[in-house]
Amino acid sequence: MNRVEERAPAKINLHLDVIGRRSDGYHRLETIMQSISLYDRLLVAANKNRGDRIKLEVRGKELPADRDNLVWQAASLMMNKFAAVKPGLEIVLDKKIPVAAGLAGGSTDAAAVLRAVNRLFDLGLSRSGLEKLGAELGADVPFCISGGTALARGAGEKITPLSPLLNQPLVLVKPPFSVSTRQIFAEVSGRVDREGASASELVELIEEKVSISWQEGWHNALESFTCRLYPRVCEIKEKLESFDPLHVQMTGSGPTVMAFFDEKRRAEEVKKTWSEEDDEVYALEFVK
Ligand SMILES: C[C@](O)(CO)[C@H](O)COP(=O)(O)OP(=O)(O)OC[C@H]1O[C@@H](n2ccc(N)nc2=O)[C@H](O)[C@@H]1O
Ligand SMILES: Nc1ncnc2c1ncn2[C@@H]1O[C@H](COP(=O)(O)OP(=O)(O)OP(=O)(O)O)[C@@H](O)[C@H]1O
């Protein structure tokens, strides 16, 4: 085997509490994450002719194809840590997930590179070994190693896998601007008083039922901070509410807003009728 392909799903935050700040400035979170059916694709090949070099090609979106790309950083990390990864790496990233959207696009690509290199060179790294490496690249990377449904704590890197949830159709609306995660956490700057249930209460409930009943107080503590800087996020929330969904919420640090429905058909109707042409709209579902 000298070439492997990995699918890299986007993630959403079903719930996010900010419970404090570490001395290094990172915020301590409790967040329930879920993989969804929107994918980037990574092709990773060992290229024996390129010495220890990394060659990256990005298709689909305008992104740097050098060390500023998390894919490059993940490849470089593996080459530095493991002598077996000696030949050059040739990587193609086919980018579909909106960038800086709260969907962990870069993190899921980086996680896919770690998995691909592990397979390609038979490194035998376990899930937790890959998660530890992932934590060196970004707070969302450890979750993206195995995806599915999970509780994340610490700065996001301490992962507890949860039972897969029953599928829940959803619509994502991404307005035509990006949000910097760093900028939003700078606004937060400490603990945020909790609204609704705690992540651990919600985990208990979903482990019992394997599904979500949205009355229980699902909430993203970053939402009000992002809405203050980008009021359009709250306008999208209001507009999505008019379609009578089960629940509406922002994901990650935004600006993407999600609306959950009990039927796929309803999510597809919203996608079809959404009138703001500059927004990207997706009808999707949960994946394991
Ligand atoms: C908001 C979430 O998407 C929720 O899943 C993640 O916590 C963000 O994860 P990420 O994009 O992988 O974040 P990183 O690339 O590690 O961090 C970007 C910046 O956000 C801030 N940051 C991030 C995560 C965290 N727990 N506390 C923070 O304060 C830091 O200033 C950091 O420099
Ligand atoms: N492979 C990549 N895909 C997307 N963005 C990347 C990648 N590599 C580096 N970046 C940079 O990372 C920044 C964040 O992009 P990303 O799409 O990961 O954000 P996000 O979806 O908000 O992440 P999160 O939900 O983890 O906060 C962008 O400014 C982008 O230029």
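Residues numbered from 1 in each chain as written. Chains lettered and ligands numbered in written order. Predicted model: local features only at pLDDT ≥ 70, side-chain atom pairs only at ≥ 80, totals over all residues.

**A look at the UniProt feature "binding site: ATP" (unreviewed entry) in the protein**
Look at the UniProt record and you will see "binding site: ATP" (unreviewed entry) annotated at Pro-98, Val-99, Ala-100, Ala-101, Gly-102, Leu-103, Ala-104, Gly-105, Gly-106, Ser-107 and Thr-108. Looking at the element boundaries, Pro-98 is found in the loop between β4 (88–94) and α2 (105–120). Residue Pro-98 is classed as buried on the basis of its C-beta count, with 21 C-beta atoms lying within 10 Å. For Pro-98, the contacting residues outside a window of four places in its chain are Leu-103, Gly-105, Lys-174, Thr-256 and Glu-280. (UniProt positions renumbered as here; feature names shortened; annotations may be inferred. Helix = DSSP H or I, 4+ residues; strand = E, 2+ residues; numbered from the N terminus. Buried ≥ 20, exposed ≤ 12 C-beta atoms within 10 Å, placed from the backbone. Contact = placed C-beta atoms within 7 Å.)

**Considerations on the site of ligand 2**
Close to ligand 2 lie 18 residues, the nearest being Leu-70, Gly-105, Gly-106, Asp-140 and Gly-252. Sorting the residues of the shell around ligand 2 by element identifies α1 (70–81) and α2 as the ones contributing at least two each. In terms of residue count, α2 provides more of the shell around ligand 2 than any other element does, four residues in total. Structurally, the shell around ligand 2 is a two-domain feature, drawing no fewer than three residues from each of domain 1 (3–161) and domain 2 (170–284). (Near = placed C-beta within 6 Å. Domains from an automatic or database assignment.)

**What to know about the packing of α1 against α2**
Packing of α1 against α2 leaves a shortest axis separation of 8 Å and a crossing angle of 30°. On the basis of their axis angle, the class for α1 and α2 is roughly parallel. Handedness of the α1/α2 crossing: right-handed. Of α2, the residues touching α1 (which contributes Leu-70, Val-71, Gln-73, Ala-74, Ala-75 and Met-78) are Gly-106, Ser-107, Asp-109, Ala-110, Val-113, Leu-114 and Val-117. A breakdown of the residues in the contact of α1 with α2 according to their chemical character gives nine nonpolar, three polar and one charged. (Axes fitted to C-alpha atoms, helices over the stretch in contact; angles between N-to-C directions. Parallel < 35°, antiparallel > 145°, perpendicular 65-115°, else oblique. Left-handed = near helix turned anticlockwise from the far one by under 90°. Nonpolar A, V, L, I, M, F, W, Y, C, P; charged D, E, K, R; others polar.)

**A look at the pairing of strand β3 (residues 54–59)**
The side chains of a regular strand alternate, residue by residue, between the two faces of the sheet. Two elements, β3 and β4, share six bridges in a ladder whose sense is parallel. Within β4, the residue paired with Lys-55 across the bridge is Glu-90. The parallel pair β3 and β4 is bridged by α1, and the resulting crossover is left-handed. (Pairing = 2+ DSSP bridges. Right-handed = clockwise from strand over helix to strand, strands pointing away.)

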